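# Structure at a glance
One letter stands for each residue in the lines below.
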Amino acid sequence: MSTDRSTLEAKVREGSGKGAARKLRLQGMVPAVIYGRHLEKAAHVAVDPLAIKKAINTPHKFNTLITIKGAGPDKQVLLKDYQMDPLTRQVLHADFIEVRENESVRVKVPLVLVGKADGVLNGGILAQTRRDLEVYALPNAIPERIEADVTNLKIAQALHINDITLPKGVKVRTNVNYTLATIGIPEKEEVVVAAAPVAGAAPAAGAAPAAGAAGAAAAPAAGDKAPAKAAEKKK
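Residues numbered from 1 in each chain as written. Predicted model: local features only at pLDDT ≥ 70, side-chain atom pairs only at ≥ 80, totals over all residues. Heavy atoms only, no water.

## A few points about the nonpolar core
What tends to happen in soluble globular proteins is that the nonpolar side chains get buried as a cluster. In this structure, L133, I146, L159, I164 and L180 are the most contacted members of the largest nonpolar core, which totals 25 residues. Counting residues per element, the ones that place at least two in this core are β7 (105-114), β9 (132-137), β10 (146-149) and β12 (179-184). The biggest single contributor to this core is β7, with five residues. Counting 19 residues, the second-largest nonpolar core is a separate cluster that includes V30, I52, I56 and A71. (Core = buried A, V, L, I, M, F, W, Y, C linked by side-chain atoms within 4.5 Å. Buried < 20%, exposed > 50% of the residue type's maximum accessible area, 1.4 Å probe, protein only. Helix = DSSP H or I, 4+ residues; strand = E, 2+ residues; numbered from the N terminus.)

This is the structure we're talking about:
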(Lines give C-alpha, C1' and ligand atoms only; values in the text may rest on other atoms or scores of the structure.)
Protein backbone atom coordinates (compact mmCIF):
# COMPACT_ATOMS: atom_id res chain seq x y z
CA MET A 1 0.00 0.00 0.00
CA SER A 2 1.42 3.37 -1.02
CA THR A 3 1.23 6.46 1.14
CA ASP A 4 -1.30 9.18 0.31
CA ARG A 5 0.19 12.28 -1.34
CA SER A 6 -0.68 15.97 -1.00
CA THR A 7 0.68 19.30 -2.19
CA LEU A 8 1.26 22.35 0.02
CA GLU A 9 2.11 25.83 -1.20
CA ALA A 10 4.66 27.80 0.85
CA LYS A 11 6.77 30.93 0.66
CA VAL A 12 10.13 31.86 2.13
CA ARG A 13 9.66 33.42 5.55
CA GLU A 14 11.34 36.72 6.37
CA GLY A 15 12.18 37.60 9.96
CA SER A 16 11.78 35.58 13.13
CA GLY A 17 10.40 35.93 16.63
CA LYS A 18 6.93 36.63 17.99
CA GLY A 19 6.51 39.90 16.11
CA ALA A 20 7.15 38.33 12.70
CA ALA A 21 4.93 35.36 13.55
CA ARG A 22 2.09 37.66 14.61
CA LYS A 23 2.40 39.58 11.35
CA LEU A 24 2.22 36.33 9.37
CA ARG A 25 -0.91 35.22 11.20
CA LEU A 26 -2.59 38.53 10.38
CA GLN A 27 -1.94 37.64 6.73
CA GLY A 28 -3.57 34.23 7.19
CA MET A 29 -0.25 32.35 7.28
CA VAL A 30 1.76 30.62 10.01
CA PRO A 31 5.51 30.01 10.40
CA ALA A 32 6.89 26.56 9.65
CA VAL A 33 10.30 24.90 9.63
CA ILE A 34 11.60 22.11 7.36
CA TYR A 35 14.35 19.92 8.83
CA GLY A 36 16.37 17.20 7.18
CA ARG A 37 19.79 15.62 7.29
CA HIS A 38 20.30 16.39 3.60
CA LEU A 39 19.57 20.09 4.06
CA GLU A 40 22.50 22.40 4.78
CA LYS A 41 20.27 24.29 7.20
CA ALA A 42 16.65 24.30 8.26
CA ALA A 43 14.30 26.05 5.82
CA HIS A 44 12.01 28.68 7.36
CA VAL A 45 8.78 29.05 5.40
CA ALA A 46 5.25 30.36 5.78
CA VAL A 47 2.20 28.23 4.98
CA ASP A 48 -1.58 28.43 5.14
CA PRO A 49 -2.75 26.69 8.36
CA LEU A 50 -5.96 25.51 6.72
CA ALA A 51 -3.94 24.01 3.89
CA ILE A 52 -1.89 22.02 6.42
CA LYS A 53 -5.03 20.42 7.85
CA LYS A 54 -6.29 19.70 4.35
CA ALA A 55 -2.97 18.15 3.35
CA ILE A 56 -3.09 15.57 6.13
CA ASN A 57 -6.82 14.92 5.83
CA THR A 58 -6.16 11.48 4.38
CA PRO A 59 -6.29 7.95 5.82
CA HIS A 60 -2.53 8.21 6.47
CA LYS A 61 -2.88 11.39 8.60
CA PHE A 62 0.64 12.47 9.72
CA ASN A 63 2.20 9.88 7.41
CA THR A 64 0.85 11.57 4.29
CA LEU A 65 3.68 12.36 1.86
CA ILE A 66 3.54 16.12 1.15
CA THR A 67 5.23 18.02 -1.67
CA ILE A 68 6.05 21.59 -0.59
CA LYS A 69 6.16 24.00 -3.52
CA GLY A 70 6.92 27.69 -3.91
CA ALA A 71 9.81 28.09 -1.45
CA GLY A 72 12.79 27.09 -3.54
CA PRO A 73 13.12 23.58 -5.00
CA ASP A 74 10.22 21.22 -4.32
CA LYS A 75 10.65 19.17 -1.16
CA GLN A 76 9.10 15.87 -0.13
CA VAL A 77 8.18 16.07 3.55
CA LEU A 78 6.16 14.51 6.35
CA LEU A 79 4.42 16.63 8.97
CA LYS A 80 6.34 15.94 12.17
CA ASP A 81 4.44 18.13 14.61
CA TYR A 82 2.38 21.28 14.96
CA GLN A 83 1.35 23.68 17.69
CA MET A 84 -2.30 24.58 18.12
CA ASP A 85 -4.08 27.36 20.01
CA PRO A 86 -5.97 25.62 22.86
CA LEU A 87 -8.96 27.97 22.52
CA THR A 88 -9.36 28.65 18.81
CA ARG A 89 -7.89 25.28 17.69
CA GLN A 90 -5.97 27.15 14.99
CA VAL A 91 -2.54 25.93 13.90
CA LEU A 92 0.17 28.30 15.16
CA HIS A 93 3.37 26.62 13.94
CA ALA A 94 4.36 23.50 12.00
CA ASP A 95 7.46 21.31 11.75
CA PHE A 96 8.18 19.21 8.66
CA ILE A 97 10.90 16.64 8.06
CA GLU A 98 12.35 16.23 4.58
CA VAL A 99 12.40 12.64 3.31
CA ARG A 100 13.93 10.86 0.34
CA GLU A 101 11.90 8.19 -1.43
CA ASN A 102 14.83 5.74 -1.41
CA GLU A 103 15.57 6.12 2.33
CA SER A 104 13.59 4.58 5.19
CA VAL A 105 11.98 6.91 7.67
CA ARG A 106 10.84 6.24 11.23
CA VAL A 107 7.12 6.75 11.76
CA LYS A 108 4.30 5.65 14.04
CA VAL A 109 1.55 3.54 12.48
CA PRO A 110 -1.78 2.66 14.14
CA LEU A 111 -2.11 -0.95 15.36
CA VAL A 112 -5.51 -2.59 14.77
CA LEU A 113 -6.50 -5.93 16.32
CA VAL A 114 -8.63 -8.14 14.05
CA GLY A 115 -10.49 -11.40 14.58
CA LYS A 116 -12.51 -12.77 17.50
CA ALA A 117 -10.11 -14.15 20.10
CA ASP A 118 -10.72 -17.70 21.33
CA GLY A 119 -10.17 -16.46 24.89
CA VAL A 120 -12.91 -13.85 24.53
CA LEU A 121 -15.36 -16.49 23.30
CA ASN A 122 -14.61 -18.39 26.52
CA GLY A 123 -15.24 -15.44 28.80
CA GLY A 124 -11.81 -13.76 28.82
CA ILE A 125 -11.21 -10.02 28.48
CA LEU A 126 -9.12 -8.64 25.61
CA ALA A 127 -6.82 -5.72 26.50
CA GLN A 128 -4.77 -3.87 23.86
CA THR A 129 -1.56 -2.52 25.39
CA ARG A 130 -0.20 -0.77 22.26
CA ARG A 131 -2.21 1.51 20.02
CA ASP A 132 0.54 2.22 17.51
CA LEU A 133 3.89 0.79 16.40
CA GLU A 134 7.12 2.66 15.70
CA VAL A 135 8.36 1.27 12.39
CA TYR A 136 10.78 2.01 9.56
CA ALA A 137 9.60 2.15 5.96
CA LEU A 138 10.19 3.95 2.70
CA PRO A 139 8.10 7.15 2.54
CA ASN A 140 5.96 5.85 -0.33
CA ALA A 141 5.38 2.48 1.38
CA ILE A 142 4.19 3.56 4.83
CA PRO A 143 1.07 1.50 5.64
CA GLU A 144 -2.15 3.18 6.67
CA ARG A 145 -2.36 0.75 9.60
CA ILE A 146 -0.91 -2.56 10.77
CA GLU A 147 -3.30 -5.40 11.57
CA ALA A 148 -2.68 -8.10 14.18
CA ASP A 149 -4.84 -11.24 14.20
CA VAL A 150 -5.90 -12.31 17.71
CA THR A 151 -8.15 -15.22 16.67
CA ASN A 152 -5.97 -17.93 18.26
CA LEU A 153 -5.26 -16.00 21.45
CA LYS A 154 -6.51 -17.95 24.48
CA ILE A 155 -7.19 -16.98 28.09
CA ALA A 156 -4.03 -15.93 29.97
CA GLN A 157 -2.06 -15.64 26.70
CA ALA A 158 -0.41 -12.54 25.21
CA LEU A 159 0.35 -11.33 21.69
CA HIS A 160 3.89 -9.95 21.20
CA ILE A 161 5.53 -7.93 18.45
CA ASN A 162 7.43 -11.00 17.23
CA ASP A 163 4.14 -12.85 16.77
CA ILE A 164 2.77 -10.64 14.00
CA THR A 165 3.58 -10.40 10.31
CA LEU A 166 4.51 -6.88 9.22
CA PRO A 167 3.66 -5.52 5.76
CA LYS A 168 6.33 -5.92 3.10
CA GLY A 169 9.11 -3.36 3.47
CA VAL A 170 8.12 -2.42 7.03
CA LYS A 171 10.53 -3.19 9.87
CA VAL A 172 10.57 -2.85 13.64
CA ARG A 173 13.97 -2.21 15.22
CA THR A 174 13.87 -3.38 18.82
CA ASN A 175 15.52 -5.99 21.00
CA VAL A 176 12.46 -6.24 23.23
CA ASN A 177 9.64 -8.61 22.33
CA TYR A 178 7.06 -6.25 23.79
CA THR A 179 3.40 -7.07 24.40
CA LEU A 180 0.65 -5.85 22.09
CA ALA A 181 -2.44 -7.46 23.64
CA THR A 182 -3.47 -9.87 26.39
CA ILE A 183 -6.49 -12.02 27.28
CA GLY A 184 -7.32 -11.59 30.95
CA ILE A 185 -8.79 -14.30 33.16
CA PRO A 186 -12.46 -13.59 33.92
CA GLU A 187 -13.30 -12.87 37.54
CA LYS A 188 -15.47 -15.47 39.28
CA GLU A 189 -18.68 -14.22 40.81
CA GLU A 190 -19.08 -15.07 44.50
CA VAL A 191 -22.46 -16.57 45.39
CA VAL A 192 -23.51 -15.89 49.01
CA VAL A 193 -25.96 -18.47 50.40
CA ALA A 194 -27.92 -17.52 53.52
CA ALA A 195 -27.51 -20.09 56.31
CA ALA A 196 -30.71 -21.85 57.48
CA PRO A 197 -31.66 -21.15 61.13
CA VAL A 198 -30.74 -23.90 63.64
CA ALA A 199 -33.62 -25.25 65.73
CA GLY A 200 -33.40 -24.14 69.36
CA ALA A 201 -30.64 -21.63 68.72
CA ALA A 202 -30.84 -18.36 70.62
CA PRO A 203 -31.63 -15.33 68.41
CA ALA A 204 -28.89 -12.85 67.77
CA ALA A 205 -28.74 -9.74 69.96
CA GLY A 206 -31.36 -7.26 68.87
CA ALA A 207 -33.08 -9.75 66.57
CA ALA A 208 -36.85 -10.06 66.75
CA PRO A 209 -38.14 -13.38 68.06
CA ALA A 210 -39.46 -15.85 65.57
CA ALA A 211 -43.10 -15.56 64.64
CA GLY A 212 -45.28 -17.19 67.29
CA ALA A 213 -42.41 -17.62 69.73
CA ALA A 214 -43.47 -14.75 72.00
CA GLY A 215 -47.05 -15.91 72.04
CA ALA A 216 -46.04 -19.48 72.81
CA ALA A 217 -43.97 -18.34 75.77
CA ALA A 218 -46.73 -16.14 77.12
CA ALA A 219 -49.58 -18.65 76.79
CA PRO A 220 -50.10 -20.87 79.87
CA ALA A 221 -49.87 -24.60 79.54
CA ALA A 222 -53.11 -26.53 79.31
CA GLY A 223 -54.72 -26.91 82.76
CA ASP A 224 -52.61 -24.25 84.42
CA LYS A 225 -54.29 -21.43 86.28
CA ALA A 226 -54.20 -18.00 84.89
CA PRO A 227 -51.44 -15.90 86.41
CA ALA A 228 -52.39 -14.15 89.63
CA LYS A 229 -53.39 -10.53 89.54
CA ALA A 230 -51.19 -7.90 90.98
CA ALA A 231 -51.11 -7.91 94.78
CA GLU A 232 -54.12 -6.25 96.29
CA LYS A 233 -53.63 -3.12 98.25
CA LYS A 234 -53.43 -3.68 101.94
CA LYS A 235 -56.60 -2.97 103.64
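## Some words on the sheet that holds strand β2 (residues 30-35)
On the basis of which strands lie adjacent, the closed barrel formed by six strands has the order β1-β3-β2-β6-β5-β4 and mixed pairing. Strand-to-strand twist in this sheet, taken as the mean axis angle between neighbours without regard to direction, amounts to 45°. Pairing of β2 with strand β3 (residues 43-47), which is carried by five bridges, proceeds in the antiparallel orientation. Paired with V30 across the strands is V47, a residue of β3. (Pairing = 2+ DSSP bridges. Axes fitted to C-alpha atoms, helices over the stretch in contact; angles between N-to-C directions.)

## Focus: the environment of L113
Assignment of secondary structure puts L113 in strand β7. A sequence separation of 38 residues divides L113 from T151, and the C-alpha atoms of the two residues are 9.4 Å apart.

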